[in-house]
Amino acid sequence: MIHVITPFSRPQNARVLLGHLARQGVAVTWHPIVSSVPFPASCLREWVKPLQVDVPRKMDPFAWKLKMFIASGRIVDGERYGVLCDDDMYEDGLLSAVERMSAPVVVVSMLRGDRVPQRTDGGYCHPIDELVAEPENMRVCGAGLQQCFMAGEVLREMEIDPWRAPFCDGLAVAQLGRQFKDVIRYAPGLHVLFNRLEPG
């Protein structure tokens, strides 16, 4: 079982992500974290478990939603969790490969496209270089939280700082690299596809 946590705000991508996760060849529980934009009722399934949260005014939705998921009581020790933004996808075979690995933390690489978009939908315009899974990259701007698959007991320890939103996932990655360095398995040949559902 792999739990996929998605800070959710793009209903236009829900059906694509639903099909994408259903085709991964592993048991998945999808946790879309929603606030002002509801999750489409037509995409609800037994394995899709939306979590409604209230995002405070002027607070970054991505960071706050992750923080609230960790505090929600939904985390099960011994089961694996990953973060997938609602415009990202997984390379075919990634989840099944991660499921076969026993390490409490698995870090994969991330491909970031062929060009910088003129404007991402509510996000930041990142460069196009690959984020390679290796110990030296467990830092701000070196890796994203989407690259990290964690056992529940590890995710429970993660500190998401919504007051430092542009760096919050990089700070969490750095925490993983320090606190759990002895139990991380790096899988640089597996890739998250960053901003895959953004135009172009």
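Throughout this document, residue positions are counted from 1 along each chain, in the order its sequence is written. pLDDT decides what is reported in this predicted model: residues at 70 or higher carry local features, side-chain atom pairs at 80 or more are listed and counted, and totals for whole chains, interfaces and linings draw on all residues regardless. Only hydrogens and water are removed before side-chain values are computed, so all heavy atoms of the structure are retained for them.

Asks: Looking at this structure, how should I read the overall build of the protein?
Replies: Helix and strand content of the protein: five helices and eight strands. Numbered from the N terminus, helices here are DSSP runs of H or I no shorter than four residues, and strands are runs of E no shorter than two. Put simply, the protein runs from its N terminus to its C terminus through helices and strands in the order β-α-β-β-α-β-β-α-β-β-α-α-β. The C-alpha atoms of the protein give 15 Å as radius of gyration, which agrees with the globular expectation for 200 residues (16 Å, within 12%). Principal-axis analysis of the C-alpha atoms places the extent of the protein at approximately 40 × 35 × 35 Å. Residue exposure (1.4 Å probe, protein chains only): buried if accessible area is under 20% of the type maximum, exposed if over 50%, otherwise partly exposed. A burial count over the protein gives 52% of its 200 residues as buried. A separation of at least 24 residues holds for 74% of the contacts in the protein among residues at least 6 apart in sequence. When we talk radius of gyration, it's over C-alpha atoms, and the globule rule is simply 2.2 Å times the number of residues to the 0.38. Any two residues whose heavy atoms approach within 4.5 Å at even a single point are treated as in contact.

Asks: Explain the packing of aromatic side chains here, please?
Replies: The relation between two aromatic rings is expressed through the spacing of the ring centres and the mutual angle of the planes. Stacked, tilted and edge-to-face are the three classes applied to pairs of Phe, Tyr and Trp rings, where Trp contributes its six-membered ring and a pair requires centres within 6.5 Å; stacked means planes under 30 degrees apart, edge-to-face means over 60, and tilted covers the rest. All told, the structure shown has five aromatic pairs when counted by the stated rule. Centre to centre, the rings of Trp64 and Trp163 are 6.4 Å apart; their planes meet at 90°, and the pair counts as edge-to-face. Of the two residues, Trp64 sits in helix 2 (residues 61-70) while Trp163 sits in the loop between helix 4 (152-155) and helix 5 (168-179), which places them 99 residues apart along the sequence. On the basis of relative accessibility, which here comes to 14%, the residue Trp64 falls in the buried class.

Asks: So what exactly am I meant to see when it comes to the state of the cysteines here?
Replies: A disulfide bridge is the covalent bond that connects two cysteines by way of their sulfur atoms. Pairs of cysteine sulfur atoms within 2.5 Å are what we label disulfides. One pass over the structure, following the stated rule, counts zero disulfides. With no disulfide of its own, Cys168 lies 9.4 Å from the sulfur of Cys85, the closest cysteine sulfur.

Asks: I'm lost on the nonpolar core in this one. Help?
Replies: Generally speaking, a soluble globular protein has its nonpolar side chains buried in company with each other. The term nonpolar core refers to a set of buried residues drawn from Ala, Val, Leu, Ile, Met, Phe, Trp, Tyr and Cys, joined through side-chain atoms within 4.5 Å. Core analysis: the biggest nonpolar cluster contains 32 residues, and Tyr90, Leu94, Leu95 and Val108 have the highest contact counts within it. Of all the secondary-structure elements, those providing two or more residues to this core are strand 1 (2-7), helix 1 (14-22), strand 2 (28-34), strand 5 (89-90), helix 3 (94-99), strand 6 (105-111) and strand 8 (184-193). Counting residues in hydrophobic clusters, the runner-up holds 30 residues, among them Ile5, Leu66, Met150 and Ile160.

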